[in-house]
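# Survey of secondary and tertiary structure
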Amino acid sequence: MSQSNTKSGDLVFAAGEDLTNKEGHLVKLTHDSGTPEVKLPEAITDRALYAVVSGGADTENVQLRPLSGERNVRVVLLGTCNPGDALVLADPATAADAGKLRVLPTAAGTYHVLAIAEEAGADGQLLAIRPYAPGEVEVSA
């Protein structure tokens, strides 16, 4: 069997940093000497493909929901949006924004669209999103 020991639904991984109160934030899968762990994104191009369902302290197990186009999830929004807006990672240079989503900016740059908004949203809201992965999008000035 080539597909033995596979998993669906929510997953559990160790936190690679403090993810207490980070429910609804996106995290990326990484590792510590080959042992899987999850962390908040460090760049807007990171592949943060898991939503935190239940956070925890560094090294504790946390519950995650993989982003899948088969179902929507709720993720913390930075700024405002409308249904159908393309969403990308917020700039993690502001620590409080790491793991949040925002509308695809008009500023020049390369972004990775992760989702489409399924409802209008306000700053800080747990927004219903539909995961979507068309790849990188380059915005020209």
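Let me begin by describing the structure that accompanies this report. (Residues numbered from 1 in each chain as written. Predicted model: local features only at pLDDT ≥ 70, side-chain atom pairs only at ≥ 80, totals over all residues. Heavy atoms only, no water.)

## Structural notes on the overall build of the chain
Along the chain, the regular secondary structure elements total zero helices and ten strands. Helices (α) and strands (β) of the chain occur, in sequence order from the N terminus, as β-β-β-β-β-β-β-β-β-β. Taking 2.2 N^0.38 as the reference for a compact globule, 141 residues should give roughly 14 Å; the C-alpha atoms of the chain span a radius of gyration of 15 Å, in line with that estimate. Principal axes of the C-alpha set define a box for the chain whose edges measure 45 × 35 × 25 Å. Counting only residues that meet the buried cut, the chain has 38% of its 141 residues in that class. Counting only contacts in the chain whose residues sit at least 6 apart along the sequence, the fraction spanning at least 24 positions is 59%. If you sum the accessible surface of the chain, you get close to 7,500 Å²; carbon and sulfur atoms cover 46% of it. Computed over 11 positive and 19 negative side-chain charges, the inter-centroid distance for the chain is 4 Å. (Helix = DSSP H or I, 4+ residues; strand = E, 2+ residues; numbered from the N terminus. Rg over C-alpha atoms; globule rule 2.2 N^0.38 Å. Buried < 20%, exposed > 50% of the residue type's maximum accessible area, 1.4 Å probe, protein only. Contact = heavy atoms within 4.5 Å. Areas by Shrake-Rupley, 256 points an atom, 1.4 Å probe, with all protein chains shown as cover. Lys, Arg positive; Asp, Glu negative; His and termini not counted. Charge placed at Lys NZ, Arg CZ, Asp CG, Glu CD.)

## Overview of the pairing of strand β1 (residues 11–15)
Bridge analysis of β1 against strand β5 (residues 61–66) gives four bridges, and the strand direction is antiparallel. Paired with Phe13 across the two strands is Val62, which belongs to β5. Looking at chain direction, β1 and strand β3 (residues 35–39) are connected through two bridges and run parallel. Its bridge partner lying in β3, Ala14 is registered against Glu37. (Pairing = 2+ DSSP bridges.)

## Here's the deal with the packing of aromatic side chains
This structure, assessed with the given rule, holds one aromatic pair. Aromatic side chains Phe13 and Tyr50 sit 6.2 Å apart centroid to centroid with 70 degrees between the ring planes, which places their arrangement in the edge-to-face category. Of this pair, Phe13 sits in strand β1 while Tyr50 sits in strand β4 (residues 50–54), and the two are 37 residues apart along the sequence. (Phe/Tyr/Trp six-rings, centres within 6.5 Å; stacked < 30°, edge-to-face > 60°.)

## Regarding the nonpolar core
A general trend in soluble globular proteins is that nonpolar side chains are found buried together. Counting 16 residues, the largest nonpolar core has Leu26, Leu87, Leu101, Leu127 and Ile129 as its most contacted members. Those elements giving two or more residues to this core turn out to be β6 (73–76), β7 (86–89), β9 (109–117) and β10 (126–139). With three residues, β9 is the largest single contributor of residues to this core. Excluding anything up to four places from it in sequence, Leu101 contacts Leu26, Val75, Val76, Leu77, Leu78, Leu87, Val88, Leu89, Ala90, Leu114, Ala115 and Ile129. Ranked by size, the runner-up nonpolar core spans twelve residues in total, among them Leu11, Ala15, Val38 and Leu64. (Core = buried A, V, L, I, M, F, W, Y, C linked by side-chain atoms within 4.5 Å.)

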